[in-house]
Amino acid sequence: GIQVEQSPPDLILQEGANSTLRCNFSDSVNNLQWFHQNPWGQLINLFYIPSGTKQNGRLSATTVATERYSLLYISSSQTTDSGVYFCAAPSGGSYIPTFGRGTSLIVHP
Amino acid sequence: SQTIHQWPATLVQPVGSPLSLECTVEGTSNPNLYWYRQAAGRGLQLLFYSVGIGQISSEVPQNLSASRPQDRQFILSSKKLLLSDSGFYLCAWSVRTVSLNTEAFFGQGTRLTVV
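Residues numbered from 1 in each chain as written. Chains lettered and ligands numbered in written order. Predicted model: local features only at pLDDT ≥ 70, side-chain atom pairs only at ≥ 80, totals over all residues. Heavy atoms only, no water.

S.K.: I'm lost on the layout of surface pockets in this one. Help?
M.R.: Leftover empty space is mapped by rolling, across the atoms, a probe with the size of a water molecule. Put simply, the largest pocket is a space of about 250 Å³. Taken together, 14 residues form the lining of the largest pocket, with Ile96(A), Pro97(A), Thr98(A), Leu46(B) and Glu59(B) sitting closest to its centre. The set of elements that each furnish at least two residues to the lining of the largest pocket consists of β10 (98-99) of chain A together with β5 (44-52) of chain B. Looking at the lining of the largest pocket element by element, the count peaks at four residues for β5(B). Within the lining of the largest pocket, the residues separate by chemical class into nine nonpolar, four polar and one charged. Of the pockets and cavities examined, the second largest pocket occupies roughly 200 Å³. The wall of the second largest pocket is formed by Gln42(A), Leu43(A), Ile44(A), Asn45(A), Gln2(B), Thr3(B), Ile4(B), Trp93(B), Phe105(B), Phe106(B), Gly107(B) and Gln108(B). When contributions to the lining of the second largest pocket are tallied by element, the ones reaching two or more residues are β5 (43-48) of chain A together with β1 (3-7) and β10 (104-106) of chain B. In terms of residues, the lining of the second largest pocket owes the most to one element, β5(A), which gives three residues. (1 Å grid on protein atoms, 1.4 Å probe; cavity = no way out; pocket = protein on both sides within 12 Å on 5 of 7 lines; lining within 4 Å. Points joined across faces, edges and corners; volume = space filled by probe spheres on them. Helix = DSSP H or I, 4+ residues; strand = E, 2+ residues; numbered from the N terminus. Nonpolar A, V, L, I, M, F, W, Y, C, P; charged D, E, K, R; others polar.)

Below, the structure written as structure tokens:
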């Protein structure tokens, strides 16, 4: 099956800093999602982005399907951005999301 | 709009006891349904998925089973819990489409501790 790798595994920022999270996948994909897992464990959908670029407030994401990677940008980080960020993609010919191991983000005030 | 409900939110069960976690989806028909487990170390592991009533596919052989008695209901069960079954269980759904371009949405999860 597909391998989904995320980097960095851990990230510590001061409030106001910018960051880039990366997701590499080993196979072609039909879709790709970014999630934020809050301190209560809930997975919040951030982006559904099979290709191209999308922006939502301080967050944006870019997927380059031909090169098998996606990037999540967080600008002017806030303490509420803390948590674990996951990307998930299905193997080619499947619809079932396979998750990376996540990036744990801590934003200090 | 579509919503997904998962309960209970937390559960503490003794070793050897049975388990039943329930997940229901509202506002959509004929969804794909999934059970994932998140153990320590963060990764989410797919346990079961279902494309229709009574149709269950298992990804990992284990002490758990799943059932889909109704179109929008997905149940995770065990006859006898093991300590290793502890973890955070998440139910998810997605629209079934031939294009495979489908976004998954998750419930709030159940934190299971087996003691």
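S.K.: Would you explain the packing of aromatic side chains in this entry?
M.R.: The description of two aromatic rings rests on the distance between their centres and on the angle between their planes. The full count for this structure, using the stated rule, is 11 aromatic pairs over all chains. An angle of 80° between the planes, with centres 6.0 Å apart, marks the rings of Phe86(A) and Phe99(A) as edge-to-face. In this pair, Phe86(A) sits in strand β9 (residues 83-89) while Phe99(A) sits in strand β10, placing the two residues 13 residues apart along the sequence. Summarising the aromatic geometry, the rings of Phe99(A) and Phe106(B) are spaced 5.7 Å apart at their centres and angled 80° between planes, so their arrangement reads as edge-to-face. Taken as a pair, Phe99(A) in strand β10 and Phe106(B) in strand β10 lie in two separate chains rather than in one. Exposure class is identical for Phe99(A) and Phe106(B). Each is buried. An aromatic cluster of three or more residues is present, and its members are Phe35(A), Phe86(A), Tyr95(A), Phe99(A), Tyr34(B), Tyr36(B), Tyr49(B) and Phe106(B). Geometry around Tyr69(A) places Arg22(A) over its ring, the cationic atom sitting 4.2 Å from the centre. Its end group placed over the ring of Phe88(B), Arg111(B) keeps NZ or CZ at 4.3 Å from the ring centre. (Phe/Tyr/Trp six-rings, centres within 6.5 Å; stacked < 30°, edge-to-face > 60°. Buried < 20%, exposed > 50% of the residue type's maximum accessible area, 1.4 Å probe, protein only. Lys NZ or Arg CZ within 6 Å of the ring centre and 35° of its normal.)

S.K.: How do you make sense of the interface of chain B and chain A when you look at a structure like this?
M.R.: The accessible area lost on association of the parts is a frequent measure of interface size. At the interface, 24 residues of chain B touch 26 residues of chain A. Where chain B meets chain A, there are eight residue pairs in polar contact (both at pLDDT 80 or more). Among the residues making up the side of chain B that touches chain A, the classes are represented as 12 nonpolar, nine polar and three charged. (Contact = heavy atoms within 4.5 Å. Polar contact = N/O pair within 3.5 Å; in protein donor to acceptor, adjacent residues only side chain to side chain.)

S.K.: Would you explain unusual backbone geometry in this entry?
M.R.: Comment: phi is negative for the bulk of residues other than glycine, and the bulk of peptide bonds are trans. Residue and element names in this part refer to chain A. In the segment running from Ser7 into Pro8, the intervening peptide bond is cis, with an omega of -10°. Relative to the helices and strands, Pro8 is located in the loop between β1 (4-7) and β2 (10-14). The phi angle at Ser76 is positive, at roughly 45°, despite the residue not being glycine. Within the secondary structure layout, Ser76 lies in the loop between β8 (69-74) and β9.

S.K.: Explain the environment of Gln78(A) to me, please; I cannot follow it from the model alone.
M.R.: Residues and elements named next belong to chain A. Mapped onto the secondary structure, Gln78 falls in the loop between β8 and β9. Judged by its relative accessible area of 35%, Gln78 falls in the partly exposed class. Sequence separation between Gln78 and Ser91 is 13 residues; the distance between their C-alpha atoms is 34 Å. Among residues more than four places away in sequence, those in contact with Gln78 are Glu15, Arg58 and Val107.

S.K.: Can you walk me through the environment of Gln13(B) in this structure?
M.R.: Residue and element names in this part refer to chain B. By the element assignment, Gln13 lies in strand β2 (residues 10-13). With relative accessibility at 18%, the residue Gln13 sits in the buried group. Each C-alpha atom of the pair Gln13 and Val114 lies 4.9 Å from the other, and the pair is 101 residues apart in sequence. Beyond its immediate chain neighbours, meaning those up to four positions away, Gln13 contacts Pro18, Leu81, Leu112, Thr113, Val114 and Val115. Reaching out from Gln13, the side chain makes a polar contact with the side chain of Ser17 at a distance of 3.4 Å.

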